[in-house]
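Read off the chains here:
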Amino acid sequence: MELLDLTAVELGKKIRQREVSAAEAVEAVFARAETAEPLLHSYVTFNREDALAQAEEVQKKIIAGELTGPLAGVPVAVKDNLCIAGELTTCSSKILSDYRPTYTAEAVRNLQRSGAVILGKTNMDEFAMGSTTETSWYGPTRNPHHPEHVPGGSSGGSCAAVAAQECFYALGSDTGGSIRQPSSFCGVVGLKPTYGTVSRYGLIAYGSSLDQIGPITKDAADCAAVLEAIASYDEKDSTSIRREDLHFTEALTEDVKGLRIGIPADYFGEGLDEEVAEAIRAAANILEEQGAVVERFHLSLVDYAIPAYYVIASAEASSNLERFDGVKYGYRTADYDGLHNMYKKTRSEGFGAEVKRRIMLGSFVLSSGYYDAYYLKALKTKALIKQAFDQAFEKYDLLLGPTAPTTAPLLGESLCDPLKMYLGDIYTIAVNLAGLPGMAVPVGRDQNGLPIGMQLIGNHFQEKILLRAAYTYECATNRQFEKPADIEKLQETCREKTVRNTVEKKEEVSAGKEVQAR
Amino acid sequence: MKKQYETVIGLEVHVELATKTKIFCGCSTAFGAAPNTHTCPVCTGMPGSLPVLNRQVVEYAMAIGLATNCEITRVCKFDRKNYFYPDNPQNYQISQLYLPIARNGYVEIETGNTVKKIRIHEMHMEEDAGKLIHDEWDDTSLVDYNRSGVPLVEIVSEPDMRSSKEVIAYLEKLRQIIQYLGASDCKLQEGSMRADVNLSVREAGSETFGTRTEMKNLNSFKAIARAIEGERARQIELLEEGRPVIQETRRWDDNKESSYAMRSKEDAQDYRYFPEPDLVPIVISEEWIARVRSRQPELRSEKLKRYRKEFDIPQYDAEILTESKSMADLFEAATALCQKPKKVSNWLMGETMRLMKENGMEPEDLKFSPENLARLVCLTEKGVINSSVAKEVFEKIFHEDINPEVYVEEQGLKTVNDEGALRETLKKVIAENPQAVADYRGGKEKALGALVGQTMKMMKGKANPGMVNQMLREMLQ
């Protein structure tokens, strides 16, 4: 399985040099997925035939010299909240279980223009609401390092697929940590760009003012190449920003000399796992050894990020999800009495518990009489948090801390206590509120073998500094992503249970479809 | 009625803007296309689609704001208004609540001899909804999203009006301004202008307002006037009986000339407004305002002044012609071609208005070209056709926009100026009407008229009446 060990950029090079064909790469990941999927369930849809057809097209263009970029011919997995024309795009929700858009997300189109071969759509928390990928209507994804644990979320499917080598890289989306946290839990590299850097056109919105699409990769070099491919100014997205500095691969230099790194002391308080803290300190030391100036400081307002986030994101989500009403597309309840009953039953049956919880929360905070107390106050908090970061970036080029307080929890552990789950986003959420770029980079494992990721936070438009620091760290430690032990071996232990789960779920899916056909 | 009551009215006027494309996508705004043909992922609320603001909408809204003496909001924003209904594909409408584009304006209306200021509270931009079609036969509802995303402005007045007369004057004034700006055609029947009436009554002399109701579904000025009279009477009756007026939304049924309650304040929806995160704030600079101002077309009062200087027509004519921009445009274009302002004015004020009334048309509905009207004026001026033929030809122009030169030629309608032919006919007329001839010769001047009439009849109206008159007199001497 040497081929699968290549990074996306390495594979791209071999494809351009004709050492490997795009089709061979697709076959290799498909073979891996065939073994891993019954256990991991990273994908919602995986289309081998279609991927092979794309590979053939791309191969022709590579031979003709029309495609020369680093990602031409490299297979990618796409989170299931990104629209691809004609392909199922479900957001891992029953309510969109048969939805096929007529248009393709701009970020995906950018990849297609770069010659990417799209393998399929990855599993996620329903509508990206969750931190474990357990709220998916299709059932949870498992952590490839330890199948009893979650991969994190909401881009858990994408991160698990990259870690388990079921693809060479993936796209995720990040509203409050949904790229960085599962990247950390799965031991891969994940980056949330500055808000406005990647077009949101075709991304099914969760919290519009916070959502960003970003790369999930095996190392910093891949991350830079993918970000370079997907970032673009897009007239179709009014929040898209015109940037001139999109050549992210230029940042891949082994040099952090004089780089001022701030470590928010507030990120090392109560709730942080000691093993995680130790790994992050060690990573900071390595960068210091490489010439960076590392200093602890007080960021402030950290505790206010979570409530502000859940008010703003839920408010936007409650409105964004109103369009799923059974009228135009998607799931509609079988029996109903009049319009309002149809709305009520469709949405009651079509959405899962976590989505309903956030719709209710969001509707409540926007209600007349509560708007000022919650939504407006949350917006003010958001502005203050941004200010706190602005002050920090007057002193530092980069902030470094943990991505999550713990390593991946056990399956089922988080969902019983949503508040605890929300607290797990404490280090990632403020970055979205401030619109900053943030990156998760693997820095080791805990004693259970579960990966630990550090989080690098940059000022607006400073993705290059993040990439440079991550690249330098990788060079110094000679590591890239955390490769899972032996998937096949893990699978033996879990096979029985998983097969049972999948069968049950599939029956439920087809039952849902039948209902709709009627 | 024991007491004297005063009616207090405020208006919410929706106007569809005349942009070629919708407010947040590139789809056409044209009226009357096959259902769901002017749609795309954005205006049908597909997931992942995003709105992009049409700049022309902002410019039209600014133009209306400036022409109604409003302050333009320098940083304005869109908000989401959330409510579930199938004609609203996202189940939220993108509108403006917190920072509307224009505020604190006014227009002046004239009723009788008094001029009154009606204040404008605010004006905001928003998107229109689609249209539901209920199929009674199949017991289903269908939805057409062609209208979804058509740009609207809503102009909210202060409660400054006191009678249906003032309301109509205000609406006519708004319509005139907006039409002059070219920002909308303001057709009530097609729904490109819609008004909701907020009305309350109070005892004359009272300082406080009574409880108001909001009246919807008003499709013509007449319906608006009737609804106001009806609602005023209904509220006074309640008060006289000692019963309270309930704050509610009512729907006017113009056929029954009565209204019924749609929803009360208690079950009014909570729209959960919040700032639209998919759009960025609109920053309006001094320069932008100046640019829109400089492009502002001539409004009615300026046009009136210019007519007085430029055209030799009575003040009365000028006032009527400039009431609607399309009439004024027609007048100016035809006059430029034939250089006969008074003649053009006569056709527009006379026959055109008569036929419009007969056909229930508004000036905007006129289909004929100024070229053909100008040609007709020239034909009559040169004496090619006489006035009765001209009226007949004009009807053709009015309905079918025919070229009068071609038509007159084809139909053989030219006035006969051939003395020989006329003389022959006159001889015949004289021979066949001995009594009238005798009467005339006996000094009855009136008898000549009968003979002229007979001649015209025999010549199918094509004779030159002046010539007939003159030759008859000669021959009867």
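Since this is a predicted model, take the numbers as computed values, not measurements.

Reading the values: rules and limits
- Residues numbered from 1 in each chain as written.
- Chains lettered and ligands numbered in written order.
- Predicted model: local features only at pLDDT ≥ 70, side-chain atom pairs only at ≥ 80, totals over all residues.
- Heavy atoms only, no water.
- Helix = DSSP H or I, 4+ residues; strand = E, 2+ residues; numbered from the N terminus.
- Rg over C-alpha atoms; globule rule 2.2 N^0.38 Å.
- Buried < 20%, exposed > 50% of the residue type's maximum accessible area, 1.4 Å probe, protein only.
- Pairing = 2+ DSSP bridges.
- Phe/Tyr/Trp six-rings, centres within 6.5 Å; stacked < 30°, edge-to-face > 60°.
- Lys NZ or Arg CZ within 6 Å of the ring centre and 35° of its normal.
- Contact = heavy atoms within 4.5 Å.
- Buried area = accessible area lost by both parts, 1.4 Å probe.
- Polar contact = N/O pair within 3.5 Å; in protein donor to acceptor, adjacent residues only side chain to side chain.
- 1 Å grid on protein atoms, 1.4 Å probe; cavity = no way out; pocket = protein on both sides within 12 Å on 5 of 7 lines; lining within 4 Å.
- Points joined across faces, edges and corners; volume = space filled by probe spheres on them.
- Nonpolar A, V, L, I, M, F, W, Y, C, P; charged D, E, K, R; others polar.
- Domains from an automatic or database assignment.
- Axes fitted to C-alpha atoms, helices over the stretch in contact; angles between N-to-C directions.
- Expected span 1.5 Å × (residues − 1).
- Arc of directions from axis to C-beta.
- Patch = residues over 30% accessible without salt bridge, like charges linked within 9 Å, V, L, I, M, F, W, Y side chains within 5 Å.
- Areas by Shrake-Rupley, 256 points an atom, 1.4 Å probe, with all protein chains shown as cover.
- Salt bridge = Lys/Arg side-chain N within 4 Å of Asp/Glu carboxyl O.
- Core = buried A, V, L, I, M, F, W, Y, C linked by side-chain atoms within 4.5 Å.
- Right-handed = clockwise from strand over helix to strand, strands pointing away.
- Parallel < 35°, antiparallel > 145°, perpendicular 65-115°, else oblique.
- Left-handed = near helix turned anticlockwise from the far one by under 90°.

## Some thoughts on the overall build of chain B
Then, number 1: Counting secondary structure elements, chain B contains 15 helices and 16 strands.
Then, number 2: For 477 residues, the compact-globule estimate of 2.2 N^0.38 gives 23 Å, and the C-alpha radius of gyration of chain B, at 29 Å, exceeds that figure by more than 25%.
Then, number 3: Along the first, second and third principal axes, the C-alpha atoms of chain B reach 90 × 60 × 55 Å.
Then, number 4: A buried classification covers 50% of the 477 residues belonging to chain B.

## Some details on the pairing of strand β10 (residues 151–157) of chain B
Residue and element names in this part refer to chain B.
Then, number 1: Within β10, seven of the seven residues are buried, which leaves the element mostly enclosed by the surrounding structure.
Then, number 2: Going residue by residue along β10, you find Pro151, Val153, Ile155 and Ser157 tucked away on one face and Leu152, Glu154 and Val156 tucked away on the opposite face as well.
Then, number 3: Sheet topology places strand β7 (residues 114–127) next to β10; seven bridges connect them, and they run antiparallel. What sits directly across from Glu122, in β10, is Val156.

## Concerning the packing of aromatic side chains
Then, number 1: Taken as a whole, this structure holds 30 aromatic pairs over all chains when the rule is applied.
Then, number 2: Between Trp137 of chain A and Tyr138 of chain A the ring centres are 5.3 Å apart and the planes differ by 65°, which places this aromatic pair in the edge-to-face class.
Then, number 3: On the basis of relative accessibility, which here comes to 13%, the residue Trp137 of chain A falls in the buried class.
Then, number 4: With a relative accessible area of 13%, Tyr138 of chain A lands in the buried category.
Then, number 5: Three or more aromatic residues joined by ring pairs make a cluster, and in this case those are Tyr99, Phe127, Phe324, Tyr329 and Phe351 of chain A.
Then, number 6: Residue placement shows Arg55 of chain B over the ring face of Trp288 of chain B; its charged tip is 4.1 Å from the ring centre.
Then, number 7: The residue whose ring lies beneath Lys81 of chain B is Tyr271 of chain B, and the NZ or CZ to ring-centre distance is 4.4 Å.

## Some remarks on the environment of Arg242 of chain A
Residues and elements named next belong to chain A.
Then, number 1: Along the chain, Arg242 turns up in the loop between α7 (220–230) and β7 (260–264).
Then, number 2: Assessed through its relative accessible area of 58%, Arg242 is described here as exposed.
Then, number 3: In this structure, the C-alpha to C-alpha distance between Arg242 and Ile457, residues 215 residues apart in sequence, is 21 Å.

## Here we look at the interface of chain A and chain B
Then, number 1: Opposite the 38 residues of chain A that make contact, chain B presents 30 residues.
Then, number 2: Around 2800 Å² of area is buried between chain A and chain B when both sides are counted, 56% of it from carbon and sulfur atoms.
Then, number 3: Considering only the surface of chain A that becomes buried against chain B, Ser238, Glu322 and Arg323 of chain A emerge as the three largest contributors, covering 23% of it.
Then, number 4: Counting the contacts that link chain A with chain B gives 19 residue pairs in polar contact (both at pLDDT 80 or more).
Then, number 5: Among the elements of the structure, α9 (302–320), α10 (338–350) and α11 (353–366) of chain A are those that each provide at least two residues to the side of chain A that touches chain B.

## With respect to the layout of surface pockets
Residues and elements named next belong to chain B.
Then, number 1: When its volume is computed, the second largest pocket comes out at roughly 1900 Å³.
Then, number 2: Lining the second largest pocket we find 50 residues, and of these Glu172, Lys173, Arg175, Gln176 and Glu323 sit closest to its centre.
Then, number 3: Contributions of two or more residues to the lining of the second largest pocket are made by β6 (102–111), α2 (164–181), α3 (221–240), α5 (300–310), α6 (315–321) and α8 (341–358).
Then, number 4: Of the residues forming the lining of the second largest pocket, the biggest block, ten residues, is contributed by α2.
Then, number 5: Broken down by class, the residue content of the lining of the second largest pocket amounts to 21 nonpolar, twelve polar and 17 charged.
Then, number 6: Taken domain by domain, the lining of the second largest pocket gets at least three of its residues from each of domain 1 (5–288) and domain 2 (298–411).

## A closer look at the environment of Gly230 of chain B
Residues and elements named next belong to chain B.
Then, number 1: Along the polypeptide, Gly230 turns up in helix α3.
Then, number 2: What makes Gly230 partly exposed here is its relative accessible area of 30%.
Then, number 3: The spacing of Gly230 and Trp252 is 22 residues in sequence and 9.4 Å in space, taken between C-alpha atoms.

## Some thoughts on the sheet that holds strand β11 (residues 193–203) of chain B
Residues and elements named next belong to chain B.
Then, number 1: Here nine strands make up an open sheet; going across it, the order is β2-β6-β7-β10-β1-β11-β12-β13-β14 and the pairing mixed. Unpaired on one side and paired on the other, β2 (71–72) and β14 (258–264) mark the two borders of the sheet.
Then, number 2: Contacts between α2 and the sheet are confined to β1 (5–16), β6, β7, β10 and β11, with β6 contributing the most and set at about 115° to the helix.

## As for the domain arrangement of chain B
Then, number 1: With domains assigned, chain B is organised as domain 1 (5–288), domain 2 (298–411) and domain 3 (419–476).
Then, number 2: Placing the centre of domain 1 of chain B and that of domain 3 of chain B at their C-alpha centroids yields a distance of 65 Å.

## Examining helix α7 (residues 325–338) of chain B
Residue and element names in this part refer to chain B.
Then, number 1: With 14 residues, α7 should cover 20 Å at 1.5 Å per step; its first-to-last C-alpha distance of 20 Å lies within 8% of that length.
Then, number 2: Within α7, burial applies to Met327, Ala328, Leu330, Phe331, Ala334, Thr335 and Cys338. Each buried residue of α7 sits inside an arc of 160° when the element is viewed along its axis, so together they form one side.
Then, number 3: Check the buried side of α7 and you find it contacts α2, α5, α6, α8 and α9 (370–381).
Then, number 4: Looking one or two residues beyond α7, the residue adopting positive phi is Gln339, at roughly 60°.

## Section: empty space enclosed by the protein
Residues and elements named next belong to chain B.
Then, number 1: The final tally for this structure, using the stated rule, is five cavities of 30 Å³ or more.
Then, number 2: The computed volume of the largest cavity comes to approximately 120 Å³.
Then, number 3: Around the largest cavity, the lining comprises 17 residues; the ones closest to its centre are Phe24, Val42, Pro51, Gln90 and Glu127.

## Points about the sheet that holds strand β5 (residues 92–95) of chain B
Then, number 1: Taking strand neighbours across the sheet as the criterion, the three strands line up as β5-β4-β15 (chain B) in an open arrangement whose pairing is antiparallel. If you trace the sheet from one side to the other, it starts and ends with β5 and β15 (274–275) of chain B, each paired once.
Then, number 2: Bridge analysis of strand β4 (residues 79–82) of chain B against β5 of chain B gives four bridges, and the strand direction is antiparallel. From the neighbouring strand, Asn82 of chain B faces β5 of chain B, where its bridge partner is Tyr92 of chain B.
Then, number 3: Along the sheet face, α9 of chain A touches β4, β5 and β15 of chain B and points at about 60° away from the line of β4 of chain B.

## Here's the deal with a nonpolar patch on the surface
Residue and element names in this part refer to chain A.
Then, number 1: Among the surface-exposed residues, Phe364, Tyr370 and Tyr374 lie close enough to one another that they form a single nonpolar patch of about 280 Å² accessible area.
Then, number 2: Residue position: Phe364 is located in helix α11.
Then, number 3: Phe364 gets classed as partly exposed once you look at its relative accessible area, which sits at 35%.

## Brief notes about the nonpolar core
Then, number 1: In this structure, Phe127, Phe168, Tyr169, Phe389, Met439 and Leu456 of chain A are the most contacted members of the largest nonpolar core, which totals 155 residues.
Then, number 2: The element contributing the most residues to this core is α9 of chain A, with eleven residues.
Then, number 3: Setting aside residues up to four positions removed in sequence, Phe168 of chain A forms contacts with Leu3, Leu4, Leu6, Thr7, Ala8, Leu11, Ala25, Val29, Val74, Pro75, Lys218 and Asp222 of chain A.
Then, number 4: Among the nonpolar cores identified, the runner-up in size contains 108 residues, and Val58, Ala169, Ile313 and Leu355 of chain B belong to it.

## Describing the pairing of β7 of chain A
Residue and element names in this part refer to chain A.
Then, number 1: Here β7 lies mainly inside the structure; four of its five residues are buried.
Then, number 2: As defined by bridge partners, β7 adjoins strand β8 (residues 293–297) across five bridges and the pair is classed as parallel. By the bridge assignment, Ile263 is partnered in β8 with Arg296.
Then, number 3: For the crossover from β7 across helix α8 (residues 274–289) to β8, the handedness is right-handed.

## Points about the pattern of salt bridges
Then, number 1: The final tally for this structure, using the stated rule, is 64 salt bridges over all chains.
Then, number 2: Between Asp128 of chain B and Arg194 of chain B there is a salt bridge, and its shortest N-O distance comes to 3.2 Å. Residue Asp128 of chain B is located in the loop between β7 and β8 (131–135), and its partner Arg194 of chain B is located in strand β11; the two are separated by 66 residues in the primary sequence.
Then, number 3: The exposure class assigned to Asp128 of chain B is buried, which follows from its relative accessible area of 7%.
Then, number 4: Note that Arg226 of chain B is salt-bridged to Asp254 of chain B, the shortest N-O span being 2.7 Å. Of this pair, Arg226 of chain B sits in helix α3 while Asp254 of chain B sits in the loop between β13 (248–253) and β14; the two residues are 28 residues apart in sequence, bridging distant segments of the chain.
Then, number 5: Connected through salt bridges with shared partners, the residues Arg200 and Asp237 of chain A together with Arg80, Glu276 and Asp278 of chain B form a single ionic network.

## Here we look at the packing of helix α1 (residues 55–67) of chain B against α2 of chain B
Residue and element names in this part refer to chain B.
Then, number 1: At their nearest, the axes of α1 and α2 sit 10 Å apart, and the two run at 130° to each other. One way to sum up the angle between α1 and α2 is to call them oblique. Crossing of α1 over α2 shows right-handed handedness. Facing Ala63, Ile64 and Ala67 of α1, the residues of α2 in contact are Ile177, Ile178 and Leu181.
Then, number 2: Looking at the contact of α1 with α2, its residues break down into six nonpolar, no polar and no charged.

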